[in-house]
Amino acid sequence: MFPKFILVSDPKRPLVGTFVYGMVGQHKDLVQGYVKVHGGGWYEKDDAKQTITLYGSSGDYGEPRLLFLNRIPRELEEYAFYYTPIHGLPGNRLDLTDVEWF
C-alpha cells in the first residue's frame, strides 16, 4: 500500500474538486461512484509538523490539476499543503483560503 491522492468532482458539482487520499495499491482504488478525476499523485503527511506535501502524478489519471483542490476533509484543516512535481525538491505552499472543509 502506498500514500496516494486524487482530485475528483461529482457530476452535480463538476467545477468543485474534492481531495481524496489514502493508502492504496493504485489510484483507481480511491475512486468511489461516478466521478470525474482531475489527476492525482502521491503525498507525504508529517503529523508532527502538520504538513502534507503532494508530489508526482498518477499513472491512472495523470498530473493533479490543483485548480480542483476545492474541498479537503476536515481532519486536515490544521495542515499546511505543499506541492512539488518531484519528491525531495522543496515544495510551494498552496493557498487554501477558499477551500471548503468538510
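Notes on the structure follow. (Residues numbered from 1 in each chain as written. Predicted model: local features only at pLDDT ≥ 70, side-chain atom pairs only at ≥ 80, totals over all residues. Heavy atoms only, no water.)

## Topic: the overall build of the protein chain
Thought 1: Helix and strand counts for the protein chain come out as zero helices and eight strands.
Thought 2: Reading the helices (α) and strands (β) of the protein chain from amino to carboxyl end gives β-β-β-β-β-β-β-β.
Thought 3: Its C-alpha atoms give the protein chain a radius of gyration of 13 Å, within 12% of the compact-globule value 13 Å for 102 residues.
Thought 4: Viewed in the frame of its principal axes, the protein chain has a C-alpha envelope of about 35 × 30 × 20 Å.
Thought 5: Nonlocal contacts in the protein chain, meaning residues at least 24 apart in sequence, comprise 60% of its contacts between residues at least 6 apart. (Helix = DSSP H or I, 4+ residues; strand = E, 2+ residues; numbered from the N terminus. Rg over C-alpha atoms; globule rule 2.2 N^0.38 Å. Contact = heavy atoms within 4.5 Å.)

## A word on the side chain of His27
Thought 1: In this structure, His27 sits in the loop between strand 2 (18–24) and strand 3 (36–46).
Thought 2: His27 has contacts with Lys4, Phe5, Ile6, Gly40, Gly41, Trp42, Ser57, Ser58, Gly59, Asp60 and Tyr61, leaving out every residue within four places of it along the chain.

## Digging into the nonpolar core
Thought 1: Ranked by size, the top nonpolar core spans 17 residues in total, and within it Phe19, Leu54, Ile72, Leu76, Phe81 and Leu96 carry the most contacts.
Thought 2: Within the residue set of this core, elements represented by two or more residues are strand 1 (2–9), strand 4 (51–55) and strand 6 (80–84).
Thought 3: Setting aside residues up to four positions removed in sequence, Phe81 forms contacts with Phe19, Ile52, Leu54, Ile72, Leu76, Asn92, Arg93, Leu94 and Leu96. (Core = buried A, V, L, I, M, F, W, Y, C linked by side-chain atoms within 4.5 Å. Buried < 20%, exposed > 50% of the residue type's maximum accessible area, 1.4 Å probe, protein only.)

## As for the pattern of salt bridges
Pairing between side chains of opposite charge can happen when their charged atoms approach one another.
Thought 1: Tallying each qualifying case throughout the model produces four salt bridges.
Thought 2: When the shortest N-O distance is used, the salt bridge between Arg13 and Glu100 registers 3.4 Å. Here Arg13, found in the loop between strand 1 and strand 2, pairs with Glu100, found in strand 8 (residues 100–101); they are 87 residues apart in sequence, far enough to count as distant.
Thought 3: Here Glu100 falls in the partly exposed class, since its relative accessible area comes to 33%.
Thought 4: Between Glu77 and Arg74 there is a salt bridge whose closest N-O contact spans 3.0 Å. (Salt bridge = Lys/Arg side-chain N within 4 Å of Asp/Glu carboxyl O.)

Nothing here speaks to function; it is all geometry.
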